Structures are given as structure tokens and as C-alpha cells.
Amino acid sequence: MTIQKRILRVQELLGLSHENAQSPEDKELLLTAIEALWFIWRNGQLYEFEEYYEDEGANAPARIIAAFDTLEEAQAWLKARPIPPDMAHVLIANEYHIVMSSADRQKRYLPPSATLAYHIAEMTREGLPPAVAHFATREEAWDWFKAQTVPPLQSVIQIGGEHYLAVYYRNIQHRALFPFSVVDMLKRISPPAP
């Protein structure tokens, strides 16, 4: 089923639910969902949504909308945007950050996000997943990753005995290697109870 047909079908189902909804609040919530789908359609974002939907189904790490080497680059990029992309993720020096702004959009923030740490923690809940490739150095791993014309959204690899997640963000054609040790961030956020 094409993404256009899928969205139209979902809108039909939401419309039926809207007609049968009992409370004005439920009707308004369903109308909001219908309009969100029209927003995607009318703003020419069908194919971006389709890619997003496929990525979500692949259980890959949260998408990013941009990647920067430094915080200064990220701040300059955010300052130059007339409307900040609130709640979107960006990478800064290979670490996840979330875009936030004040209600008037004048103050903009890029706080660190533990999103990737939670993703890897979930992946390793029942033990380390097997690595698809093993490398002695990060440079060897990077060469292997760059050589893939269409890499998977995520691959577990091993570099010098440590597990890494090789992630391809196809929406911005960006590749990143993350050590599984990023889950240690979660221990700092919420230390174990005594």
C-alpha cells in the first residue's frame, strides 16, 4: 500500500471514530490527528514521513535532523533558524542533544539527551547482541562503514573488544559510531537505589 493510500485510509478510520466519539474533547483530539496527517500531506512531506515510518518500524535509534562537530556550530545553526525544530534530535560531537526553545522562541537550548543510551540499554537488556563485524581499530571500522553504499540503519560491530553501534541516518546521509559504553550515562542520571 502506498503512503498516500495508507494516510487516506487512516484519515477515513479517524473520521469514523470522530463521528462516533461521544465527548467534544475526544472529537477534538481525533480532529487534531486528522489535521496532523493533512499537515504532512499538504506540506509535501509524504515521502519524508514514509521514510520516518519505516525507520521507526526498524527499531533504529531516534532520528537526528542535523549533525555538528561542535556546540558552537550547532548553536549558530539553531540561531539562524526562524522557527526552532523543538523536540528534534541533533548530534553534537557524536552525542545526542534535543532542540528546545522558550514559548516565544527567543531562547533556544540544546541540552544533552540520553535517548541513545536508552536505546542501547534496551538492545542489551538480555545480553550483548552478536557483532556483524570485528575490527582492531576505529579507523578500520570506519573504512568498512564508509564502504557500504546503502548501510543498514544500525549494525552492531566490535572494535578492539568493545561493542559499538554503527548507525546510518538516511534522512541526512550521516554515519556515526557509538560505543555501547554510552549506557553508563544512565547510571549518572539515576544511580541505583541503596
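For the structure, check the block above.
Numbers given to residues run from 1 along each chain, matching the order in which its sequence is written. Owing to the predicted nature of the model, reporting of local features is limited to residues with pLDDT of at least 70; listing and counting of side-chain atom pairs is limited to 80 or more, with chain, interface and lining totals taken over all residues. The side-chain numbers reported here are obtained from all heavy atoms of the structure, hydrogens and water having been left aside.

Caption draft 1: View of empty space enclosed by the protein. A pocket here means an open set of points on a 1 Å grid, computed over the protein atoms alone, that has protein on both sides within 12 Å along at least five of seven lines. A cavity is instead a set of points where a 1.4 Å probe fits but cannot get out; residues with an atom within 4 Å of a point line either one. Grid points are joined across faces, edges and corners, and a volume is the space filled by probe spheres set on the points. Following the criterion strictly, the structure yields one cavity of 30 Å³ or more and no others. Approximately 80 Å³ is the volume found for the largest cavity. In terms of lining, the largest cavity is formed by Asp55, Glu56, Ala60, Pro61, Arg63, Leu153, Val167, Tyr168 and Tyr169. Starting at the N terminus, helices and strands are each numbered in turn, a helix being any DSSP run of H or I of at least four residues and a strand any DSSP run of E of at least two. Put simply, the parts of the chain that give the lining of the largest cavity at least two residues each are helix H3 (46–57) and strand E8 (162–169). The element contributing the most residues to the lining of the largest cavity is E8, with three residues. Its residues assigned to classes, the lining of the largest cavity shows six nonpolar, no polar and three charged. Charged residues are taken to be Asp, Glu, Lys and Arg, nonpolar residues to be Ala, Val, Leu, Ile, Met, Phe, Trp, Tyr, Cys and Pro, and polar residues to be all remaining types, Gly included.

Caption draft 2: Just unusual backbone geometry, in detail. In this model, Asn59 sits at a positive phi of 55°, which is unusual for a non-glycine residue. Among the secondary structure elements, Asn59 is positioned in the loop between H3 and strand E1 (67–68). Here Asn94, not a glycine, exhibits a phi torsion of approximately 65°, which is positive. Any residue under 20% of the maximum accessible area for its type is buried, any over 50% is exposed, and the rest in between are partly exposed; the area is computed with a 1.4 Å probe on protein chains only. Under the relative-accessibility criterion, Asn94 is labelled partly exposed at 29%.

Caption draft 3: Representation of the layout of surface pockets within the structure. The calculated volume of the largest pocket comes to roughly 730 Å³. As for the largest pocket, its lining consists of 15 residues, and the residues nearest its centre are Gln45, Tyr52, Ile65, Asp86 and Ala88. Contributing elements (two or more residues each) for the lining of the largest pocket: helix H2 (24–42) and H3. The dominant element in the lining of the largest pocket, judged by the number of residues it contributes, is H3, at four residues.

Caption draft 4: Quick peek at the packing of helix H1 (residues 3–20) against H2. A fitted line through C-alpha atoms serves as each axis, taken over the contacting stretch for helices, and the angle formed by two N-to-C directions is quoted from 0 to 180°. At a closest axis distance of 9 Å, the pairing of H1 and H2 adopts a crossing angle of 165°. By the angle between their axes, H1 is roughly antiparallel relative to H2. Of the two elements, H1 crosses H2, and the hand of that crossing is left-handed. Residues Gln4, Ile7, Leu8, Val10, Gln11, Leu14, Gly15, Ser17, His18 and Glu19 of H1 pack against Lys27, Leu30, Leu31, Ala33, Ile34, Leu37, Trp38 and Trp41 of H2. Across the contact of H1 with H2, the residue classes break down as eleven nonpolar, five polar and two charged. In what follows, roughly perpendicular refers to angles from 65 to 115 degrees, roughly parallel to angles under 35, roughly antiparallel to angles over 145, and oblique to any angle outside these ranges. It is the rotation of the near helix from the far one that decides the hand of a crossing: anticlockwise by less than a right angle makes it left-handed, clockwise makes it right-handed. We call two residues in contact when some of their heavy atoms are within 4.5 Å.

Caption draft 5: Structural view of the packing of H1 against H3. Running from amino to carboxyl end, H1 crosses H3 at an angle of 85°, the nearest separation of the two axes being 10 Å. Viewed along their axes, H1 and H3 adopt a mutual orientation that is roughly perpendicular. Residues Ile3, Gln4, Arg6 and Ile7 of H1 pack against Leu46, Tyr47, Phe49, Glu50 and Tyr53 of H3. In the contact of H1 with H3, the residues fall into six nonpolar, one polar and two charged.

Caption draft 6: Broad picture of the side chain of Asp55. As for its position among the elements, Asp55 is in helix H3. Polar side-chain contacts of Asp55 include one of 2.9 Å to the side chain of Arg170. Setting aside residues up to four positions removed in sequence, Asp55 forms contacts with Ala60, Arg63, Leu153 and Arg170. A 3.5 Å cut-off defines polar contacts: any pair of N or O atoms within that distance qualifies, except that in protein one atom must be a possible hydrogen donor and the other a possible acceptor, and neighbouring residues in sequence count only when both atoms are side-chain atoms.

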